[in-house]
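Fold and contact review
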Amino acid sequence: MIAGLALGTAALVIAGPAAAQNAKPLQVAGSSTVLPYAQIVAENFGEIYPDFPTPIVESGGSGAGLKQFCSGIGADTLSVANSSRPISESEKKTCTDNGVTDIQEVKFGYDGIVFATDAAGPDWKLTPAFVFKAMAAKTVAEGKVVDNAAKTWKDVDASLPAWPINAYIPGEKHGTREVFETKLLDTGCKATGAFDAFKASGMDDKAATAQCHQVRKDGTIVDIDGDYTETLARIDANKQGVGVFGLAFYEQNQDKLKVATVNDIVPSVETISTGTYPVSRPLFFYVKKAHIGVAPGLKEYGDFFLSEQMIGPEGPLAQYGLVPAPDAERDAYRADFDGGKTM
């Protein structure tokens, strides 16, 4: 269990019909970004609904999860696919071709991260290119791929402070690492010309993308696999450090932290939920409607996932990094799911 994020059984009223305790658990798979959120939900669901078996949640990536989900109807197929992107038209066609015709697309919040420094520090204006130039293991100098030699942020761009480059970023096990890689490192890699240079050096697209994701191992960039309190402690100990946090955690610690803009956009629930802030994206899970009422606990699991106790600002998913949607949007998620809205 992810430490500190389980809800006690007293936190919610136990509800739901009696179900056979020996029934096959719900099968859930997909996005590695959604994985930790779904695991938190599943673990709490197992406590709150003891009559249902605890759902089995696996990773594999959004595409792999949707491929399994769309393979057909029946006990040996997924009931729920997690995804960090909307289902594609080709995936919908695969679903339809295999008899999966009624799909409920459920958005449950947003993935968004912010850069912050000690509250007494200077203002920061970052871009994906600046982040890549500071943190990437290899960059481009005079058209050639070289080891990153930048020592200070001012070496990256004259507009930045002359602080030594020390950054604390989401570790590879963290739920927000993927958005860090795709929205910052990927974007910055391409904006600086590094992606093309990696390919020109003989890498294919996959290898070049993997190289874009490689961060420095010289002690300047530190992976934090724990929660954001660990990152905050690093900033407290190193007043010139730069930390990556979930928005909710930053908002709860604004007395200790100063947030940076990215592409001149200030991160907030509004800018993240509208997609204006560039380091954000919506998160989804997809439910096979034909399995509701057949797969034990499926409707209850969906309702529980969307409950205020899970996806609200005070819930455990926000503690782990989820950016909750605005109140009216969360209500709409629940209404659409309860109403059986399909794509």
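As a starting point, this report considers the structure included with it. Note that the structure is a prediction, hence the values are computed from the model and not measured. Here, residues in each chain are numbered from 1, in the same order as that chain's written sequence. In view of the model being predicted, local features appear only for residues whose pLDDT reaches at least 70, and side-chain atom pairs are presented and counted only at 80 or more, with totals across whole chains, interfaces and linings using the full set of residues. To get the side-chain values, take all heavy atoms of the structure and skip hydrogens and water.

What follows concerns the packing of aromatic side chains. Pairing of aromatic side chains here covers Phe, Tyr and the six-membered ring of Trp, requires ring centres within 6.5 Å, and sorts the geometry by plane angle: under 30 degrees stacked, over 60 edge-to-face, intermediate tilted. The full count for this structure, using the stated rule, is 19 aromatic pairs. With a centroid separation of 5.9 Å and 85° between ring planes, the pair formed by Tyr37 and Tyr320 is classed as edge-to-face. Here the residue Tyr37 occupies a position in helix H1 (residues 35–48), and Tyr320 occupies one in helix H14 (residues 316–320), the gap between them amounting to 283 residues. Here the two residues Tyr37 and Tyr320 agree in accessibility, since each one is buried. Look at Trp124 and Trp163: their rings are 5.5 Å apart centre to centre, the planes differ by 65°, and that puts the pair in the edge-to-face class. Segments assigned H or I by DSSP are reported as helices when at least four residues long, segments assigned E as strands when at least two residues long, and all are numbered from the N terminus. Burial status follows relative accessibility: with a 1.4 Å probe on protein chains alone, a residue under 20% of its type maximum counts as buried, one over 50% as exposed, and anything between as partly exposed.

The buried fraction of strand S4 (residues 103–118) amounts to 14 of the 16 residues, a majority that puts the element mostly inside the structure. Of the strand pairs in this sheet, S4 and strand S13 (residues 280–288) are connected by 9 bridges, and their pairing is antiparallel. Within S13, the position partnered with Gln104 by the bridge is Val287. Direction of pairing for S4 relative to strand S14 (residues 322–323): antiparallel, over a ladder of 2 bridges. Paired with Asp111 across the two strands is Leu322, which belongs to S14. Alignment of S4 against strand S10 (residues 242–246), held across 4 bridges, turns out to be antiparallel. Along S10, the bridge assignment pairs Phe115 with Val244. Two strands pair if DSSP finds at least two bridges between them.

With that settled, consider the pairing of strand S7 (residues 144–147). Across 4 bridges, strand S6 (residues 138–141) lies against S7 in antiparallel orientation. Note that in S7 the partner of Lys138 across the bridge is Asp147. Taken together, S6 and the strand that follows it, S7, pair antiparallel across an intervening segment of 2 residues, in which Glu142 is found at a positive phi of about 50°.

Among the structural elements, Ser273 can be located in helix H11 (residues 269–273). Pairing of N or O atoms within 3.5 Å defines a polar contact, subject to two protein rules: one partner must be a possible hydrogen donor and the other a possible acceptor, and residues neighboring in sequence count only if both atoms are side-chain atoms. Engagement of the side chain of Ser273 in a polar contact is seen with the backbone oxygen of Glu270, the distance being 3.2 Å. When residues no more than four places from it in sequence are discounted, the contact partners of Ser273 are Tyr110, Pro326 and Glu329. The contact criterion used is simple: two residues touch if any of their non-hydrogen atoms lie within 4.5 Å.

By size, the foremost hydrophobic cluster in this structure holds 86 residues, and its most contacted members are Phe108, Phe115, Met135, Trp153 and Phe180. Of all the elements, H1 adds the most residues to this core, at 8 residues. Discounting residues that sit within four places of it in the chain, Met135 has contacts with Phe115, Asn148, Trp153, Ala167, Ile169, Phe180, Gln214, Val215, Arg216 and Ile221. Among buried residues, the Ala, Val, Leu, Ile, Met, Phe, Trp, Tyr and Cys ones that are joined through side-chain atoms within 4.5 Å form a nonpolar core. In terms of nonpolar packing, the next biggest core, distinct from the first, is built from 12 residues, Cys70, Cys95, Val100 and Tyr286 among them.

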